[in-house]
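# Summary of the model geometry
In case you want the letters, here they are:
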Amino acid sequence: MGRLVIVSNRVPSPRERTQPAGGLTVGLADAIKGQPSLWFGWSGSAQGKGVETPAPELTEQDGVTYATIDLTAKQHEGFYQGFSNGILWPVCHYRLGLMQYHRDQLESYIAVNAMFARSLATLLQPDDVVWVQDYHLFPLGAALRREGVQTRIGFFLHIPFPPEQLFRALPGADLLLADLDAYDVVGVQTEQDATNMNQSLAALESGVRAQAFPIGIDPVAFGKQALKGESSKEMGRLTQALAGRALILGVDRLDYSKGIPERFRGFERLLQRFPAHRGKVSFLQVAPVSRGEVSEYKSLRRELDELSGRINGNWAEIDWIPLRYITRALPRKVLAGVHRRAAVGLVTPLRDGMNLVAKEYVAAQDPADPGVLVLSRFAGAAPELGDAVMVNPYDPDEIAEALDRALTMGLKERSTRWQAMNAAVHRVTAASWARDFLGVLNAAPARPHSKKAA
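Below you will find a few notes about this structure. (Residues numbered from 1 in each chain as written. Predicted model: local features only at pLDDT ≥ 70, side-chain atom pairs only at ≥ 80, totals over all residues. Heavy atoms only, no water.)

### Things to note about the overall build of the chain
Under the convention used in this document: The secondary structure listing takes helices from DSSP runs of H or I that are at least 4 residues long and strands from runs of E that are at least 2 residues long, numbered from the N terminus. Between the two quantities, the radius of gyration covers C-alpha atoms and the globule rule is 2.2 Å times the number of residues to the power 0.38. We call two residues contacting when some pair of their heavy atoms lies within 4.5 Å. For the accessible areas, the method is Shrake-Rupley and the probe is 1.4 Å, while residue cover comes only from the protein chains on display. Positive charges come from Lys and Arg alone, negative charges from Asp and Glu alone, with His and the N- and C-terminal ends not counted. Throughout, a charge is located at the NZ atom of Lys, the CZ atom of Arg, the CG atom of Asp or the CD atom of Glu.
From N to C terminus, the chain includes 17 helices and 14 strands. Taken against the 2.2 N^0.38 rule, which gives 22 Å for 454 residues, the C-alpha radius of gyration of the chain at 23 Å falls within 12% of a compact globule. Reported as C-alpha extents along the three principal axes, the dimensions of the chain are approximately 65 × 45 × 40 Å. Sequence separation of 24 or more characterises 78% of the internal contacts of the chain that already satisfy a separation of 6 or more. Just so you have it, the chain exposes about 18,600 Å², and 50% of that area is on carbon and sulfur atoms. Distance between charge centres in the chain, computed from 51 positive and 49 negative side chains, equals 3 Å.

Listed below in structure tokens is the structure:
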């Protein structure tokens with residue numbers, strides 16, 4: 001049996017390898033557990049020397065070999081900030097108007113993927129199985145085939161895939177779609193994503209088809225963290241500050257796909273339309289800043305600062321702050337405890353690949369007194385968590401009505417909804433996601449692959 005070779009844009013740091021924060025790292029940690037494995041990708045440094053085929057730096061930890069290469073500042077700008085996050089990210093999240101296309105960034109994206117392939121090819125063995133992760137690396141399989149790699153290669157897209165006409169509005173889209181033909185298995189989060197991608201692939205008469213493999217969490221471990229976090233000193237301070245009020249919780253990376261401004265407006269409408277909740281409920285939004293140097297993210301932060309200031313200015317009392325808004329990360333144990341304490345988990349992305357926060361909220365609940373999940377119907381988790389209170393995140397009145405319903409819901413209904421969602425969260429986990437994808441990849445019939453550019 002050969003090694004499992006994971007390829008991701010960035011390799012987890014030594015601390016992340018032993019204390020994974022969630023989602024991708026947890027799922028992949030389960031995949032590599034107990035078998036010979038190599039994890040290859042970017043080191044996180046933009047101080048590279050610009051050599052054509054950088055020699056990977058190898059380290060070993062807990063039986064896994066980690067192989068990293070640096071990018072140059074120019075490569076980081078073009079490949080990572082430019083094409084991956086400035087172009088692919090908004091297009092895949094259905095936000096074509098936010099795309100700022102520059103051909104040199106596409107060229108950088110393709111060139112960095114080719115560099116990844118050259119460096120990785122020097123480490124591969126004939127019976128390895130390669131699993132490529134996410135939108136940064138669409139072309140990597142084709143680049144590896146051009147290097148003569150014939151082993152099985154799978155690809156998984158963690159973010160949404162939009163409808164054909166939207167995706168193919170991206171200059172270079174057909175190039176990226178054609179590159180997917182180099183993979184033996186292509187996975188996406190939901191059946192809708194698979195349908196969208198397959199329509200695009202069919203238009204190019206591609207030989208590969210996308211399949212849905214929804215990702216999950218480790219619900220047992222997160223539930224234990226929540227129980228432990230409930231008794232932390234930070235939770236004691238929060239409980240004192242709440243003074244018996246109900247807690248609404250939002251947890252997101254600061255990103256325009258997460259629907260945070262729409263969520264703030266929905267909470268504001270709750271206070272306007274349902275006065276019984278004034279002074280009785282507090283909303284905590286945790287939104288760590290990421291990509292803070294990008295103009296769209298700076299604009300988003302300004303908008304949220306203004307909205308939170310307006311809401312608190314209009315509705316706060318001398319002993320009550322309606323909205324607490326934090327732009328730094330909380331320790332995972334503390335955050336798990338806050339999930340457990342929250343009467344409502346408010347998860348309202350405008351579009352998401354999966355959204356594991358929704359699953360974490362469910363896993364953290366006290367079975368004797370569970371809270372209510374209010375969930376966007378556009379989250380990838382929505383088909384699995386159909387017993388959440390569903391909302392259209394673009395409608396602040398619908399969010400307000402859902403919050404009122406959640407805050408006034410009786411224990412019997414809360415328990416029934418939670419039990420169904422909890423069963424779903426335990427049915428599809430990080431471990432089952434990795435196992436299911438790799439099972440299909442290992443069983444895939446061998447396909448001949450040429451060295452021709454896709």
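### Description of the side chain of Asp-128
Just so we agree on the cut-off: Each residue's exposure class comes from its accessible area (1.4 Å probe, protein chains only) as a fraction of the maximum for that residue type: buried when under 20%, exposed when over 50%, partly exposed otherwise.
The topology assignment puts Asp-128 in the loop between α4 (103-121) and β5 (129-133). The buried category is assigned to Asp-128, whose relative accessible area is 1%. Setting aside anything within four residues of it in sequence, one finds Asp-128 in contact with Gly-2, Arg-3, Val-5, Leu-123, Thr-151 and Arg-152.

### Thoughts on the sheet that holds strand β3 (residues 57-61)
As a general point, the strands of a sheet are linked pairwise by backbone hydrogen bonds and lie either parallel or antiparallel. Applied cut-off: By the convention used here, strands pair only if DSSP detects at least 2 bridges between them. Helix axes are fitted to C-alpha atoms over the stretch in contact, other axes to C-alpha atoms as well, and angles between N-to-C directions run from 0 to 180 degrees.
If you trace the eight strands from one edge of the open sheet to the other, you get β3-β4-β2-β1-β5-β6-β7-β8, paired in mixed fashion. Pairing within the sheet leaves two strands with one partner each, and these edge strands are β3 and β8 (210-212). Taken pair by pair, the neighbouring strands of this sheet meet at an average axis angle of 25°, ignoring direction. Across six bridges, strand β1 (residues 4-10) lies against strand β2 (residues 37-42) in parallel orientation. In the sheet register, Val-5 faces β2, and the bridge partner there is Leu-38. Together, β7 (185-188) and β8 form the strand contacts of helix α8 (residues 191-203), whose direction differs from that of β8 by roughly 175°.

### As for the layout of surface pockets
Test applied: Using protein atoms alone on a 1 Å grid, points that fit a 1.4 Å probe yet trap it form a cavity, whereas open point sets bounded by protein on both sides within 12 Å along at least five of seven lines form a pocket; residues with an atom within 4 Å of a point count as lining. Grid points are joined across faces, edges and corners, and a volume is the space filled by probe spheres set on the points.
Roughly 340 Å³ of internal volume is contained in the second largest pocket. Lining the second largest pocket are 13 residues, with Glu-234, Arg-237, Leu-238, Ile-326 and Leu-330 sitting closest to its centre. Every element with two or more residues in the lining of the second largest pocket is listed here: α10 (233-242), β11 (323-326) and α13 (332-341). Considering every element that reaches the lining of the second largest pocket, the biggest residue donor is α10, with five residues.

### A short note on unusual backbone geometry
For Asp-62, which is not a glycine, the phi torsion comes out positive at approximately 50°. Among the structural elements, Asp-62 can be located in the loop between β3 and β4 (64-69). With a phi close to 50°, Ala-243 is a non-glycine residue in the positive phi region. Structurally, the position occupied by Ala-243 is in the loop between α10 and β9 (246-251).

### Brief notes about α8
Because an α-helix packs 3.6 residues into every turn, residues spaced three or four apart end up facing the same way. Note the threshold: By definition here, a helix of n residues has an expected span of 1.5 Å times n minus one.
Over its 13 residues, α8 runs 18 Å from end to end, which matches the ideal 18 Å to within 8%, given 1.5 Å per residue. If you check which residues of α8 are buried, you get Asp-193, Ala-194, Asn-196, Met-197, Asn-198, Ser-200 and Leu-201. Backbone geometry just after α8 places Glu-205 at a positive phi near 55°.

### What about the sheet that holds strand β12 (residues 344-347)?
Ordered by their spatial adjacency, six strands build an open sheet running β11-β10-β9-β12-β13-β14, and the pairing between neighbours is parallel. Each edge of the open sheet carries a strand with a single partner, namely β11 and β14 (389-391). Mean inter-strand twist for the sheet, computed between neighbouring axes without regard to direction, equals 20°. Looking at chain direction, β9 and strand β10 (residues 281-286) are connected through six bridges and run parallel.

### Things to note about the pattern of salt bridges
For clarity, the cut-off: Only one rule defines a salt bridge in this text: a Lys or Arg side-chain nitrogen within 4 Å of an Asp or Glu carboxyl oxygen.
Overall, the coordinates contain 20 salt bridges when judged by the stated rule. Residue Glu-384 pairs with Lys-359 through a salt bridge whose shortest N-O separation is 3.0 Å. You can see Glu-384 sitting in the loop between β13 (372-376) and β14 and its partner Lys-359 sitting in helix α14 (residues 356-364), a full 25 residues away along the chain. Relative accessible area serves as the criterion here: at 1%, Lys-359 is assigned to the buried category. One network of salt bridges, in which partners are shared, links Arg-269, Arg-273, Asp-397 and Glu-401.

### Points about the nonpolar core
Applied cut-off: Take the buried Ala, Val, Leu, Ile, Met, Phe, Trp, Tyr and Cys residues and link them wherever side-chain atoms come within 4.5 Å; each set so joined is a nonpolar core.
Among the nonpolar cores identified, the biggest contains 58 residues, and Trp-131, Val-338, Leu-373, Leu-375, Leu-385, Trp-433 and Phe-437 are the most heavily contacted of them. Among the elements that take part in this core, α14 stands out by supplying seven residues, more than any other. Val-130, Phe-155, Phe-167 and Ala-210 belong to the second largest nonpolar core, which has 56 residues in total.

### A look at the pairing of β9
Defined as follows: Look down the strands so they point away from you; if the path from the first strand over the helix to the second goes clockwise, the crossover is right-handed.
Taken across its six residues, β9 has five buried, putting it largely inside the fold. Running through helix α11 (residues 260-273), the crossover from β9 to the neighbouring parallel element β10 is right-handed. Sheet analysis places β9 next to β12, joined by two bridges and oriented parallel. Across the sheet, Leu-249 pairs through a bridge with Gly-345, a residue of β12.

### What to know about the packing of aromatic side chains
Heads up, the condition is: Whether two aromatic rings pair depends on their centres lying within 6.5 Å, for rings of Phe, Tyr and Trp, where Trp uses its six-membered ring; planes under 30 degrees apart make the pair stacked, over 60 edge-to-face, and the rest tilted. Here, a charge over a ring means that NZ of Lys or CZ of Arg falls within 6 Å of the ring centre while also lying within 35 degrees of the ring normal.
Taken as a whole and assessed by the stated rule, the structure comprises 21 aromatic pairs. Between the aromatic rings of Trp-131 and Phe-437, the centroid separation amounts to 4.7 Å while the plane-to-plane angle is 10°, which identifies the pairing as stacked. Highlighted residues: Trp-131 in strand β5 and Phe-437 in helix α17 (residues 430-443), separated in sequence by 306 residues. Given a relative accessible area of 0%, Trp-131 falls into the buried group. Looking at Phe-437, the relative accessible area reads 0%, which means it is buried. Three or more aromatic residues joined by ring pairs form one cluster here, namely Phe-40, Phe-79, Phe-83, Tyr-109 and Phe-116. A cation sits over an aromatic face here: Arg-351 above Tyr-94, 3.9 Å from the ring centre.

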